[in-house]
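Reading the structure
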Amino acid sequence: MGLQAYHAKRKFGATPEPRGRQARRKGNAFVIQKHDASRLHYDLRLELDGVMKSWAVTRGPSLVPGEKRLAVRVEDHPIEYNTFEGIIPQGQYGGGTVMIWDRGTWAPEGDAERGLEKGHLDFTLAGEKLGGAWHLVRMGARPGEKRENWVLIKAHDEPARG
Ligand code: MN
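Computed from a predicted structure; not experimentally measured.

With respect to the nonpolar core
Formed by 20 residues in total, the largest nonpolar core has its most connected members in Leu46, Trp106, Phe123 and Leu136. Put simply, the parts of the chain that give this core at least two residues each are β1 (29-36), β2 (40-48), β3 (51-57), α2 (112-118), β7 (120-127), β8 (131-138) and β9 (149-154). If one sorts the elements of this core by residue count, β2 sits on top with four residues. The contacts of leucine 136, once residues within four sequence positions are left out, are Leu44, Leu46, Trp55, Ala71, Gly119, His120, Leu121, Phe123, Trp150, Val151 and Leu152. Counting eight residues, the second-largest nonpolar core is a separate cluster that includes Leu3, Tyr81, Phe84 and Val98.

Considering the environment of alanine 37
Along the chain, alanine 37 falls in the loop between β1 and β2. Residue alanine 37 is classed as buried on the basis of its relative accessible area, which comes to 16%. Counting along the chain gives 38 residues from alanine 37 to glutamate 75, while the straight-line C-alpha distance between them is 16 Å.

With respect to the pairing of β9
For β9, a buried count of six out of six residues is recorded, marking the element as mostly surrounded by other parts of the structure. Of the two faces of β9, the one carrying Asn149, Val151 and Ile153 and the one carrying Trp150, Leu152 and Lys154 are both buried. For strand β4 (residues 68-77) and β9, the ladder comprises five bridges, and the chain directions are antiparallel. If you follow alanine 71 over to β9, its bridge partner there is tryptophan 150. When β8 meets β9, the two strands line up antiparallel, connected through five bridges.

Scoring rules and cut-offs
Residues numbered from 1 in each chain as written. Predicted model: local features only at pLDDT ≥ 70, side-chain atom pairs only at ≥ 80, totals over all residues. Heavy atoms only, no water. Core = buried A, V, L, I, M, F, W, Y, C linked by side-chain atoms within 4.5 Å. Buried < 20%, exposed > 50% of the residue type's maximum accessible area, 1.4 Å probe, protein only. Helix = DSSP H or I, 4+ residues; strand = E, 2+ residues; numbered from the N terminus. Contact = heavy atoms within 4.5 Å. Pairing = 2+ DSSP bridges.

Structure representation (structure tokens):
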């Protein structure tokens, strides 16, 4: 995807969000930002190939294994976004308050790019609030619907040992 969509949607004179650019580093950061926009949601971002792959999780992650939460795929964000907190002015894209809700590192099970393509990504999170295994699964698109609806699901973790 790259950052073309991210840049096209924003006026950087009017929003405090970082312009950012695709990074060369191969990191594994994740962040979840609570975004009190026209509708409150939680933006899940997973670093892959120099950008943050992003989903807007409408009701936030559920810690209950198997419980599905709608996660609408949104445009890739720059890695610089991971430290962003602030107020996007009303009238600008995503107008409202952005706060970091969780952050840490993530690890895909298997090949992450392939998982994104086929619409099923299994991964673990090591954050301050969230941990363990998770699934992101793409749902079939309805006819005429452009947006990609995924669901975020907490996996049934193996019982802790020791
Ligand atoms: Mn958002």
